[in-house]
Structure formats: C-alpha cells, structure tokens
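If you want the building blocks of each chain, they are given just below.
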Amino acid sequence: MQAIEKKSWFSATVSLIRVLLAFSVKPCEIGKIEGMDFAKSHPNVINITQEHREGDVIDKIGTAQQNIMRMHIVAKNKKELCDLIETLQKKIVIYDDAGDNVMLQGIDVNHI
C-alpha cells in the first residue's frame, strides 16, 4: 500500500464515511488466513492492523485477544460502505489448524 501524507489523506477523506472494522475468531490455533491480499489492495482500505498471524493461539473468550485484525475503511456513502463491509467479510476467512472456519459473526449491514 502506498504511503499517504497525513495532511493530504485527511483533506481527501474529510467528506467520506470512516469506519474501523474488526475481524474476530473463536478460541483456536490459527491455521490459515485468507483474503489479506484482496484487502491490502483495495483502495478503500486505508490501514490494516493485524493482531495475530498463522500459528498464534487464541485461548481467551470475550476479550480483545479474539480480534485478529482491524481495518480502517472509507466510503462515499452508506451503500458503498455496506457493500465494502459485506465484501470484506466474505473475503477474509480464518481457519483453525484443523481447517475449520473459526470466524465470529460479522456486522449485519441491514442494521447500519
């Protein structure tokens, strides 16, 4: 992702909707993370903070430890935001070491 000077980034996004989107998992040992390349290359994903990597063990329930990553995303309007959230939630999939999908339920965009 190309680095953007903070001042010019702020000026360019002042009229955009900005959201911090978290991706969380059930307790597990992370086996595989899919969809990162898509997210990293998407122009509306401004930043990705990846908390855990393949091989990490998530063993606490109800804590921030279950957050695998957070993404700062931007959109021009509510529809674009909802479409982006749905797309990212379909593309980002975390599997445990047995190959099971361990993602917790994401955001229901019908409630935004």
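Cut-off values and rules
Residues numbered from 1 in each chain as written. Predicted model: local features only at pLDDT ≥ 70, side-chain atom pairs only at ≥ 80, totals over all residues. Heavy atoms only, no water. Pairing = 2+ DSSP bridges. Helix = DSSP H or I, 4+ residues; strand = E, 2+ residues; numbered from the N terminus. Axes fitted to C-alpha atoms, helices over the stretch in contact; angles between N-to-C directions. Contact = heavy atoms within 4.5 Å. pLDDT = per-residue confidence, 0-100. Expected span 1.5 Å × (residues − 1). Buried < 20%, exposed > 50% of the residue type's maximum accessible area, 1.4 Å probe, protein only. Arc of directions from axis to C-beta. Polar contact = N/O pair within 3.5 Å; in protein donor to acceptor, adjacent residues only side chain to side chain.

Trainee: It is not clear to me how the sheet that holds strand β5 (residues 67–75) should be interpreted in this structure. Could you clarify?
Mentor: As a general point, the strands of a sheet are linked pairwise by backbone hydrogen bonds and lie either parallel or antiparallel. Here 3 strands make up an open sheet; going across it, the order is β1-β5-β3 and the pairing antiparallel. Either end of the sheet is taken by a strand with one partner, and the two such strands are β1 (17–24) and β3 (45–50). Each strand of the sheet is rotated relative to its neighbour by a mean of 15 degrees, with strand direction disregarded. When β3 meets β5, the two strands line up antiparallel, connected through 5 bridges. What sits directly across from Q50, in β5, is M69. Most of the contacts of helix α3 (residues 78–91) go to β5, to which it runs at about 150 degrees, and overall it touches β1, β3 and β5.

Trainee: Just to check I follow, could you spell out the sheet that holds strand β4 (residues 57–58) for this structure?
Mentor: On the basis of which strands lie adjacent, the open sheet formed by 3 strands has the order β4-β2-β6 and antiparallel pairing. Looking along the sheet, the strands with just one partner apiece sit at the ends: β4 and β6 (93–96). Bridge count between strand β2 (residues 28–34) and β6: 4 bridges; the pairing is antiparallel. By the bridge assignment, I33 is partnered in β6 with I94.

Trainee: Is there a simple way to think about the confidence of the model for the protein chain in this case?
Mentor: Fine structural detail should not be taken from predicted coordinates in areas where pLDDT scores are low. In this model, the protein chain carries an average pLDDT of 89, and 88% of its residues clear a pLDDT of 70 or more. Within the model, pLDDT remains below 50 along residues 1–7, and this stretch shows 5 contacts once partners closer than five positions in the same chain are excluded.

Trainee: What is the right way to look at α3 in this model?
Mentor: Every α-helix carries 3.6 residues per turn, so stepping three or four residues along brings you back to the same face. A rise of 1.5 Å per residue sets the reference length of α3, with its 14 residues, at 20 Å; its end C-alpha atoms lie 20 Å apart and thus fit the reference within 8%. Along α3, the positions that sit buried rather than exposed are L81, C82, L84, I85 and L88. The arc that holds the buried residues of α3, viewed along the axis, is 165 degrees, so those residues lie on one side. Of the residues in α3, the exposed ones pointing more than 90 degrees away from the buried face are K79 and K90. Residues of α3 that are buried make contact with β1, α2 (36–41), β3 and β5. The N-capping residue of α3, defined by a side-chain oxygen 3.2 Å from the backbone nitrogen of K79, is N77.

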